[in-house]
Amino acid sequence: MKLKNKIALITGAGSGIGKAIAIEMGREGAHIAINDLTADTAEATAREVEALGREALAIPADVADAAQVDHMVGQTHDRFGRIDILVNNAGVYIPQDGGFTAITDAAWQRILDVNLNGPFYCSRAVVKDMMDRKQGGKIINISSVQAEVAHFDASAYQPSKAAVVMLTRTLAVELAPYKINVNAIGPGAIASEGMGATLGAEIIEAYRKRIPWGARGYTRDIATAAAFLASEDARYITGQIVYVDGGYLSDSTPTELKSQDHPVPPDDPDPK
Ligand code: NAP
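Residues numbered from 1 in each chain as written. Predicted model: local features only at pLDDT ≥ 70, side-chain atom pairs only at ≥ 80, totals over all residues. Heavy atoms only, no water.

### A short note on the overall build of the chain
Here is the rule we go by: Going along the chain from the N terminus, every DSSP run of H or I of four or more residues is numbered as a helix, and every run of E of two or more is numbered as a strand. In this setup the radius of gyration rests on C-alpha atoms only. A globule is expected at 2.2 Å times the number of residues raised to 0.38. Contact criterion: two residues are considered in contact whenever any of their non-hydrogen atoms come within 4.5 Å of each other. For the accessible areas, the method is Shrake-Rupley and the probe is 1.4 Å, while residue cover comes only from the protein chains on display. The charged-residue count follows a simple rule in which Lys and Arg add positive charge and Asp and Glu add negative charge, with His and chain termini not counted at all. By convention, the point assigned to a charge is CZ for Arg, NZ for Lys, CD for Glu and CG for Asp.
The helix and strand inventory of the chain stands at eight helices and seven strands. Its C-alpha atoms give the chain a radius of gyration of 18 Å, near enough to 19 Å, the size a compact globule of 272 residues would have. Along the first, second and third principal axes, the C-alpha atoms of the chain reach 55 × 40 × 40 Å. Considering only contacts within the chain whose residues lie at least 6 apart along the sequence, 75% involve residues at least 24 apart. For the chain, the accessible area works out to roughly 12900 Å², and carbon and sulfur atoms hold 54% of it. Counting 26 positive and 34 negative side-chain charges, the chain places the centres of these two groups 7 Å from one another.

### Brief notes about unusual backbone geometry
The test is simple: Buried residues are those whose accessible area, probed at 1.4 Å on protein chains only, stays under 20% of the maximum for their type, while exposed residues exceed 50% and partly exposed ones sit between those limits.
A positive phi is found at Asn5, a non-glycine position, where the angle reads about 65°. Take Asn5: it is sitting in the segment before strand S1 (7-10). With relative accessibility at 44%, the residue Asn5 sits in the partly exposed group. We note that Lys272 has phi near 45°; this positive angle belongs to a residue other than glycine. Take Lys272: it is sitting in the segment after helix H8 (255-258).

### Observations concerning the site of the ligand
Rule in force here: When at least one non-hydrogen atom of a residue lies within 4 Å of a molecule or strand, that residue is treated as near it. Counting of polar contacts relies on pairs of N or O atoms within 3.5 Å, with two restrictions inside protein: one atom must be capable of donating a hydrogen and the other of accepting it, and residues adjacent in sequence are counted only when both atoms are side-chain atoms. Under the convention adopted here, Pro, Cys and the residues Ala, Val, Leu, Ile, Met, Phe, Trp and Tyr are nonpolar, Asp, Glu, Lys and Arg are charged, and Gly plus all remaining residues are polar.
Near the ligand, the surroundings consist of 29 residues, among which Asp36, Thr38, Asn89, Tyr157 and Ser192 are the closest. A distance of 2.6 Å separates an oxygen atom of the ligand from a polar atom in the side chain of Asp36. Between a nitrogen atom of the ligand and a side-chain N or O atom of Arg110, the distance comes to 3.4 Å. Summarising the interface, the protein chains cover 88% of the accessible area of the ligand, which totals 890 Å² for the free molecule. When contributions to the shell around the ligand are tallied by element, the ones reaching two or more residues are helix H1 (16-27), strand S2 (31-36), helix H4 (105-133) and helix H5 (157-175). Taken together, the residues of the shell around the ligand sort by class into 13 nonpolar, twelve polar and four charged.

### Describing the nonpolar core
Test applied: Each nonpolar core is a collection of buried residues, namely Ala, Val, Leu, Ile, Met, Phe, Trp, Tyr and Cys, held together in the definition by side-chain atoms within 4.5 Å.
Counting 31 residues, the largest nonpolar core has Ile10, Ile21, Met25, Ile32 and Ile34 as its most contacted members. At the level of secondary structure, the elements contributing two or more residues to this core comprise S1, H1, S2, helix H2 (39-51), strand S3 (56-60), strand S4 (85-88), strand S5 (137-142) and helix H7 (219-229). Ranked by the residues each element gives to this core, the list is headed by H7, at six residues. Among the nonpolar cores identified, the runner-up in size contains 29 residues, and Ile59, Val63, Val69 and Cys122 belong to it.

### Let's talk about H5
The line we're drawing: What a helix is expected to span follows from its residue count: subtract one and scale by 1.5 Å.
Across its 19 residues, H5 extends 27 Å between first and last C-alpha, which sits within 8% of the 27 Å expected from 1.5 Å per residue. Tyr157, Gln158, Ser160, Lys161, Val164, Val165, Leu167, Thr168, Leu171, Ala172 and Leu175 are the residues of H5 that are buried. Lining the buried residues of H5 we find H4, S5, strand S6 (180-187) and strand S7 (241-244).

Below is the structure:
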């Protein structure tokens, strides 16, 4: 087990990628504080982690609210005594129908509050104790391929995820003297409950043709990368953005030119 008796706090772990990370880190031996906006979903993930034989604490809180974040980190310390691993996963994607000029102030602000301020508040609340303890630590931010390439309906989401990339590098440099690793994962198209479930069959098929691997990824593909980055196997890796995207960012071939020589590969089974 890569994470035996480590204590991890994972935000947005009531569903999707965050839930998969909680379960994967639980499998690897960690005890988990599970944050989500909704108490019921956080509790449900906690029961799954406990079923693996680990301790779990569900903490409903809004990561966009600094006072709630401080309280959440305090609750985790009260229960487990420390935090070794922080995963800043909670994120929102509000589709921007009508494009850039149609985006409301409220949507812009909410996306930045959750996707950027959230990781800032959580990291600030967690690293003080990590620095004092001098035992190192791991911070993993969940960014997106959309930090690197733009899509037509995500004019607030994309800047928020690009800022998370730079927050990752900034913290990595500042915290390296304390042996705190700070890295990010940039998921490609992942079949998650929330963001993934809203896509129609036609859009999914279009992505299958665009992604060299030929299929969307699964939440466990992100979770296993997170468990690796949280482990001592990744001791010397910091300030990196690991894109888990089936080759999406590496491929500039127009889809129309691919079909002849590059047939779309079949879907993989979900590794769960
Ligand atoms: P998801 O299934 O919608 O899960 C997101 C979770 O975060 C939900 O449980 C949600 O809770 C929670 N959450 C939202 N706002 C929160 C807040 N303010 N405080 C605490 N928890 C909050 O989405 P996902 O696909 O797993 O996405 C997880 C992360 O991966 C996000 O940062 C996303 O941007 C990133 N990502 C996803 C994809 C993809 O293809 N799925 C691609 C690139 C990046 P509620 O359900 O209660 O609102």
